[in-house]
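Examining the three-dimensional arrangement
Chain by chain, the residues:
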Amino acid sequence: MTASTAPTVPAQRGGHPALARLVAVDADTFASRHWGTEPLLSRAAQLPTGFGDLFSAAAVDELVSVRGLRTPFLRVANHGETLPERAFTRGGGVGAGVTDQVSDDALLGLFADGATLVLQGLHRVWGPVVDFSQQLAADLGHPTQVNAYVTPPENTGFSDHYDVHDVFVLQVEGDKRWQVRRPVHPLPLRNQPWTDHRSEVEAAAATEPVLEFTLGPGDCLYLPRGFLHSATALGGVSIHLTVGVHPWTRYRLAEQLARTALERAASDPELRAALPLGATVGDPVAHRADVERARAALQRALAATDPAELAPALAAAARDAQRAAPLGPLAQRAAAQELSEDTVLTTRHHVQAGVDRHDGYAVVSSRAGRLRLEEGQVQAVERFLADGTARAADLGTDLARRLVLAGLAVPA
């Protein structure tokens, strides 16, 4: 198998600005030929720009030296093993009350000795990555998280393994040699890590890779979950970002369907009835008839469950899986105080707000929380959420101020 490489001419790009930075094919081609099924290698020359605006060696040094980074925002690995936190953390000094702050001195020694630094959760702590990861999640419709891997020359951070999420590998600096092998457990779920299949992974690692290539600065690799991989830095320090995409799956729909059906089944008196006296529940075969009656009740509940009934819980899960765009509490309070009728507001990016109507009132549910509205305010808020912008006078200044203080609206 040869590496699936994007065409030499960059494809036309439209409404997926973050995805367009990572793949040199259009979104439809990526969706039909690669998403969840096949790797895709896109070279720097095929992509619109590099990744130096997102991360750099200077960013690594700033994070570990002056930002007060703490675990679990950093892992350190050497010879394929993750080191204990005490190997690279120290106390925060007088008055800090912090015992797990990253030690730049310890990291210097470990890195010089060949250890790989893994900066975790960059989608929460590094501004350019925060913005990019949120836009990519919006492009894909699936949650994202971002780690950085910083590997010394001629070192391998982790031995062959697979991830339980899809990844985009963005090579920022240096060169890294990759080996990719077919899955031993295709499409693993989040509770099915590679260590559950350690022997199969180790056996596969001894075989010839199906893909072998070097990523240089500006190159990007898409790797579906389950594909085995390992990477070795070449002649210089290698820095790459790994964007993990945690896909919503049919299994997740099945989980919610089962929960909703169980709630419905609880209204069935036959299902709520007690088992006979002297029941031995540890021996379900002895209660075969009761098991079958329970199965039949559950099947009836599943058949009667409308897909629309799943929407509230799934919408809540989608909101909880990501955060809204960053918001400065002090600046937002000042904006609310200074608000006038002429103030133009926009919806906060990625807030994912929706209005749930009730008898006589409504609730705005969003990643910023919940805000109760009176009936007379509902149409104005729904119009604002649909249009994405409004003057405070059109909303009513009191309502506009409430939206600002609730984190739903920001000054344009």
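Right, let's walk through the structure included here. (Residues numbered from 1 in each chain as written. Predicted model: local features only at pLDDT ≥ 70, side-chain atom pairs only at ≥ 80, totals over all residues. Heavy atoms only, no water.)

On to the layout of surface pockets. A volume near 730 Å³ is recorded for the largest pocket. When residues of the lining of the largest pocket are traced back to their parent elements, those giving at least two are β3 (81-82), β7 (144-151), β8 (166-173), β9 (176-181), β12 (228-233) and β13 (238-245). Of all the elements, β7 adds the most residues to the lining of the largest pocket, at four residues. Within the lining of the largest pocket, the residues separate by chemical class into 11 nonpolar, 16 polar and seven charged. (1 Å grid on protein atoms, 1.4 Å probe; cavity = no way out; pocket = protein on both sides within 12 Å on 5 of 7 lines; lining within 4 Å. Points joined across faces, edges and corners; volume = space filled by probe spheres on them. Helix = DSSP H or I, 4+ residues; strand = E, 2+ residues; numbered from the N terminus. Nonpolar A, V, L, I, M, F, W, Y, C, P; charged D, E, K, R; others polar.)

Ordered by their spatial adjacency, eight strands build an open sheet running β1-β11-β8-β13-β7-β6-β2-β3, and the pairing between neighbours is antiparallel. Here the strands that pair on one side only, and so sit at the sheet edges, are β1 (40-42) and β3. Bridge analysis of strand β2 (residues 74-78) against β3 gives two bridges, and the strand direction is antiparallel. Bridge pairing links Asn-78 to Glu-81 in β3. Seen against the sheet, helix α3 (residues 57-65) touches β6 (116-119), β7, β8 and β13 and runs at an angle of roughly 75° to β6. Relative to β7, helix α6 (residues 127-140) is tilted by about 130°, and along the sheet it contacts β7, β8 and β13. (Pairing = 2+ DSSP bridges. Contact = heavy atoms within 4.5 Å. Axes fitted to C-alpha atoms, helices over the stretch in contact; angles between N-to-C directions.)

What follows covers the packing of helix α12 (residues 329-338) against helix α15 (residues 397-405). Interaxial distance between α12 and α15 falls to 9 Å at its minimum, and their mutual angle equals 175°. As the angle between them shows, α12 and α15 are arranged roughly antiparallel. For the pair formed by α12 and α15, the contact residues are Gln-332, Arg-333, Ala-335 and Ala-336 on the first element and Arg-401, Val-404 and Leu-405 on the second. For the contact of α12 with α15, the residue count by class is four nonpolar, one polar and two charged. (Parallel < 35°, antiparallel > 145°, perpendicular 65-115°, else oblique.)

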